Amino acid sequence: QLAQDRQVDVLSAMSNEARRKFLTFTRSHMSIPVVITVRGDAPDVTPEQLSGLRVVTPEGYGYVALLEQKYPDVDFTYVSTVEEGVIDVSTGEVDALMASLAITSYVISELNLSNLKIAGSTGISLNLGLGVRDDWPELFSIVDKALSSISQQEKLAVRSKWVPSLTGTLSERDERDQRNTWWLLLGAVAIFLAVLIGALFLPRLFSDEVLTRNFGS
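Rules behind the numbers
Residues numbered from 1 in each chain as written. Predicted model: local features only at pLDDT ≥ 70, side-chain atom pairs only at ≥ 80, totals over all residues. Heavy atoms only, no water. Helix = DSSP H or I, 4+ residues; strand = E, 2+ residues; numbered from the N terminus. Buried < 20%, exposed > 50% of the residue type's maximum accessible area, 1.4 Å probe, protein only. Contact = heavy atoms within 4.5 Å. Phe/Tyr/Trp six-rings, centres within 6.5 Å; stacked < 30°, edge-to-face > 60°. Lys NZ or Arg CZ within 6 Å of the ring centre and 35° of its normal. Core = buried A, V, L, I, M, F, W, Y, C linked by side-chain atoms within 4.5 Å. pLDDT = per-residue confidence, 0-100.

Counting its regular elements, the protein chain contains seven helices and seven strands. Mapped in sequence order, the helices and strands of the protein chain form the string β-β-β-β-α-β-α-β-α-β-α-α-α-α. Buried residues in the protein chain amount to 36% of all 217 residues. Taking contacts inside the protein chain between residues at least 6 apart in sequence as the whole, the part at least 24 apart equals 74%.

This is the structure we're talking about:
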């Protein structure tokens, strides 16, 4: 809603028909799987085996509609945040959580929980691009060119360093310092804010400098 109201200028999100009405999206810059999280003492399950179990997913996320379409036999209950879902699984209130790997791993690391594991992938991934307000084509061009300059090898290197893999238990991934995923996201936000400020104010500064040289202060 903030992006639609022009209160947010750049947004990292999945492209869909509704968002394309007010945002112009770059190509996908990262793919993050949506995974199943269960208690460590529970058997591994596939999405098809979740029918009849207590399954939660965070309300309002872009992948929720995809989960509902792909797994109509799963009776989803919706939670406000991934953190709420993680706690519910950890305490045994529910059997499983379906949410993105990056956020789930970060929350588990921050809460210092050791009784959870990733049971597998849902077969759905978040193909994240950057949505730029559609009335700022100049900014979109800057952002798109910056992303295009990053090689596939560099993208894979960043992903392998910052986004946990699906292999191993959550406690093993904690040893890989999952919380750095959050710092990556913060860094990305800082970069795009810098791009935005530069796009908006540098032309004005250059214009003021020209006026000062020509006419004096």
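This paragraph deals with the packing of aromatic side chains. All chains considered together, the criterion is met by one aromatic pair. Between the aromatic rings of Tyr61 and Tyr63, the centroid separation amounts to 5.6 Å while the plane-to-plane angle is 50°, which identifies the pairing as tilted. When the ring centre of Trp136 is taken as reference, the NZ or CZ atom of Arg133 above it lies at 4.1 Å.

Mapped onto the elements of the fold, Asp88 is located in helix α2 (residues 82–90). Non-local contacts of Asp88, meaning those with residues more than four positions away in its chain, are made with Val79, Glu93 and Val94.

A few words on unusual backbone geometry. Backbone geometry at Asn112 places phi at a positive 55°, although glycine is not the residue there. Mapped onto the elements, Asn112 comes out in the loop between α3 (101–111) and β7 (116–133). When its relative accessible area of 66% is taken as the criterion, Asn112 is described as exposed.

Turning next to the nonpolar core. As a rule of thumb, soluble globular proteins bury nonpolar side chains together. Ranked by size, the top nonpolar core spans 37 residues in total, and within it Ile36, Leu50, Tyr63, Leu67 and Val86 carry the most contacts. Looking at this core, the elements with two or more residues in it are β3 (30–39), β4 (55–58), α1 (64–70), β5 (76–79), α2, β6 (96–100), α3 and β7. Among the nonpolar cores identified, the runner-up in size contains seven residues, and Leu130, Phe140, Val143 and Leu147 belong to it.

A few words on the confidence of the model for the protein chain. Predicted coordinates in regions of low pLDDT should not be interpreted in detail. Chain-level statistics for the protein chain give a pLDDT mean of 76 and a share of 68% at 70 or above. A low-confidence stretch, residues 167–183 stays under pLDDT 50, and its non-local contacts, those more than four residues away or across chains, total 32 contacts. The model gives residues 204–217 a pLDDT under 50, and that stretch makes two contacts with residues more than four places away or in other chains.

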